Amino acid sequence: MLCRAASFSLALLLYGQPVMAKMPPVPSPKPAQPAPAKARDAKLARMPAKTLFKAARKGAALTPASHGYYTRGCLAGGQRLAPDGPAWQAMRLSRNRNWGHPLTVAMIKRLAIDAKKNDGWAGLLVGDISMPRGGPMRPSHASHQIGLDADIWLTPMPSRTLTRTERERLSATFMLTSDQLAVNPTVWTDAHAKLIKRAASFREVERVLVHPAIKKELCLKAGKDRQWLGKVRPVRGHNYHFHIRFRCPPGSAGCRPQKPPTGDDGCGTELDKWYKWLHARLKPRPKPKVTVKPRKRKARRLLTLTDLPPACRLVLKAPDQIIAPQPRRAAQSRPAAN
Ligand SMILES: [Zn+2]
């Protein structure tokens, strides 16, 4: 979490003047003077972009648009997924990553409602989507930058509303056997397969990422209807959740699309390669005779604003969206007395 002082300096840098709405009174009698615009922009350009985007707590008041690529970009006019809905609950609310392009938010709701109605899936637990204005997050979470990626837990939603604390602490279910070569039949169900198939069947969905063992299970049980399988791509990790990636939406001229999948079901050579890799990991490695010093990993360079499309500067500088307060629940209507 950024401390208040850091948020204050960021606001000063981004907007040229302090945003006072939620700031404590400044102790100094002389208010800080804004840095000259050029110097300020140069300083912003050197800062890690993730710090700048994390400081924005609300979406940018701009027309919705995804700018850049899934791993290098930002989001204008982001919409927040409500923490609770008829068929979903958003998790890890403290991260403030339940924001996406309005299309993403609408599609998550649709998936949640359709899967509950038709697939025997109790409802979605929704993990990370994007930050309010998108942008880079921690290096291990490379995508999710333009509001078009969403993580959905493979744990079905409980029938009660989770508390805020539970949403922070609850762990998702590990879906594989301990050797990670197959799904664990004690936790994997047909409803999991139906949910993933439904997500991949939406025209708006570009890819669905799952662990290779989950992909294998889907390949084995798919039967004759296999077209949707081509969108389901095996990637390591993704054994507690699956990842949905949406296509560039209309009105996002600056959104760079991903190369479409090859068109086959992806159950052949590609999956075989993954299994070679999975088996290789299981083989015991011979102990080296001489103690070798572990190689120092090169720290990955953090993305800065200069790595992102120019539109992202405007996204950062735009004022906050004004979100209308939620209407109070209407008092339960009484049946009219006859
Ligand atoms: Zn993800």
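Residues numbered from 1 in each chain as written. Predicted model: local features only at pLDDT ≥ 70, side-chain atom pairs only at ≥ 80, totals over all residues.

A.B. asks: Would you explain the overall build of the protein in this entry?
C.D. replies: Of the regular secondary structure elements, the protein holds nine helices and 11 strands. Each of the 338 residues in the protein was classed as buried or not, and the buried ones make up 34%. Taking as baseline every contact in the protein between residues at least 6 positions apart, the subset at least 24 positions apart corresponds to 75%. (Helix = DSSP H or I, 4+ residues; strand = E, 2+ residues; numbered from the N terminus. Buried ≥ 20, exposed ≤ 12 C-beta atoms within 10 Å, placed from the backbone. Contact = placed C-beta atoms within 7 Å.)

A.B. asks: Would you explain the pairing of strand β2 (residues 72–76) in this entry?
C.D. replies: Within a regular beta strand, the side chains point alternately toward one face of the sheet and then the other, so they alternate between its two faces. Judged by how many residues are buried, β2 sits mostly within the fold: five of five residues are covered. Neither face of β2 is left uncovered, since the one carrying Arg72, Cys74 and Ala76 and the one carrying Gly73 and Leu75 both have all their residues buried. Looking at chain direction, strand β1 (residues 65–69) and β2 are connected through five bridges and run antiparallel. Its bridge partner being in β2, Ser66 is matched across the sheet by Leu75. The hairpin turn running from β1 into β2, its antiparallel successor, is two residues long. (Pairing = 2+ DSSP bridges.)

A.B. asks: Help me understand helix α6 (residues 190–201), please; the structure alone is not making it clear to me.
C.D. replies: Side chains three or four residues apart in an α-helix point the same way, a direct result of the helix having 3.6 residues per turn. For α6, with 12 residues, the first-to-last C-alpha span of 16 Å sits near the 16 Å given by 1.5 Å per residue. For α6, the full list of buried residues reads His192, Leu195, Ile196, Ala199 and Ala200. Buried residues along α6 cover an arc of 130° about the axis, so they all sit on one side. (Expected span 1.5 Å × (residues − 1). Arc of directions from axis to C-beta.)

A.B. asks: Would you take a moment to explain unusual backbone geometry for this structure?
C.D. replies: Of note in the backbone geometry, Arg92 takes a positive phi value of approximately 45° without being a glycine. Relative to the elements of secondary structure, Arg92 occurs in the loop between β5 (88–90) and β6 (99–100). Classification of Arg92 by C-beta neighbours within 10 Å gives partly exposed; the count is 17. Not every positive phi belongs to a glycine, and His144 is a case in point at roughly 65°. By secondary structure assignment, the location of His144 is in the loop between β7 (124–126) and β8 (149–153). In this structure His144 comes out as buried when scored by C-beta crowding, with 26 C-beta atoms within 10 Å.

A.B. asks: Sorry, what's going on with the environment of Ile323 here?
C.D. replies: Mapped onto the secondary structure, Ile323 falls in the segment after α9 (311–317). A tally of 10 C-beta atoms within 10 Å means that Ile323 is categorised as exposed. Spatially, the C-alpha atom of Ile323 lies 9.7 Å from that of Arg80, the residues being 243 residues apart in sequence.

A.B. asks: Quick question: what am I supposed to make of the nonpolar core here?
C.D. replies: Nonpolar side chains tend to gather and get buried jointly when the protein is soluble and globular. Core analysis: the biggest nonpolar cluster contains 63 residues, and Ile108, Leu124, Val126, Ile196 and Val208 have the highest contact counts within it. If you tally residues by element for this core, the top one is helix α4 (residues 102–118), at seven residues. Setting aside residues up to four positions removed in sequence, Val208 forms contacts with Ile196, Ala199, Ala200, Lys231, Val232, Phe242, His243 and Ile244. (Core = buried A, V, L, I, M, F, W, Y, C linked by C-beta atoms within 7 Å.)

A.B. asks: Could you clarify how one ought to interpret the packing of α4 against α6 in this entry?
C.D. replies: Between two packed helices, the angle of one axis relative to the other and the distance separating the axes together describe the packing. Contact geometry for α4 and α6: axes closest at 10 Å, N-to-C directions at 140°. On the basis of the axis angle, α4 is oblique to α6. Along this stretch, α4 crosses α6, giving a crossing that reads as right-handed. Across the interface between the two elements, Leu111, Asp114 and Ala115 from α4 touch Leu195, Arg198 and Ala199 from α6. Residues that form the contact of α4 with α6 fall into these classes: four nonpolar, no polar and two charged. (Axes fitted to C-alpha atoms, helices over the stretch in contact; angles between N-to-C directions. Parallel < 35°, antiparallel > 145°, perpendicular 65-115°, else oblique. Left-handed = near helix turned anticlockwise from the far one by under 90°. Nonpolar A, V, L, I, M, F, W, Y, C, P; charged D, E, K, R; others polar.)

A.B. asks: Help me understand the packing of helix α7 (residues 212–221) against helix α8 (residues 269–282), please; the structure alone is not making it clear to me.
C.D. replies: For the pair α7 and α8, the least separation of the axes is 10 Å and the interaxial angle reads 135°. Judged by the inter-axis angle, α7 sits oblique to α8. Note that α7 runs across α8; the crossing there is left-handed. Here α7 contributes Pro212, Lys215, Lys216 and Cys219 to the contact with α8, which in turn contributes Leu271, Trp274, Tyr275 and Leu278. Across the contact of α7 with α8, the residue classes tally to six nonpolar, no polar and two charged.

A.B. asks: Please clarify how the confidence of the model for the protein should be interpreted in this entry.
C.D. replies: Detail in the predicted coordinates should be disregarded across regions flagged by low pLDDT. On average, the protein scores 87 in pLDDT, and the residues at 70 or more come to 85%. Note that residues 17–23 has pLDDT below 50 and, in this model, eight contacts with residues that lie over four places away or in other chains. For the stretch residues 329–338, pLDDT sits under 50, and the model shows zero contacts to residues farther than four places along the chain or on other chains. (pLDDT = per-residue confidence, 0-100.)

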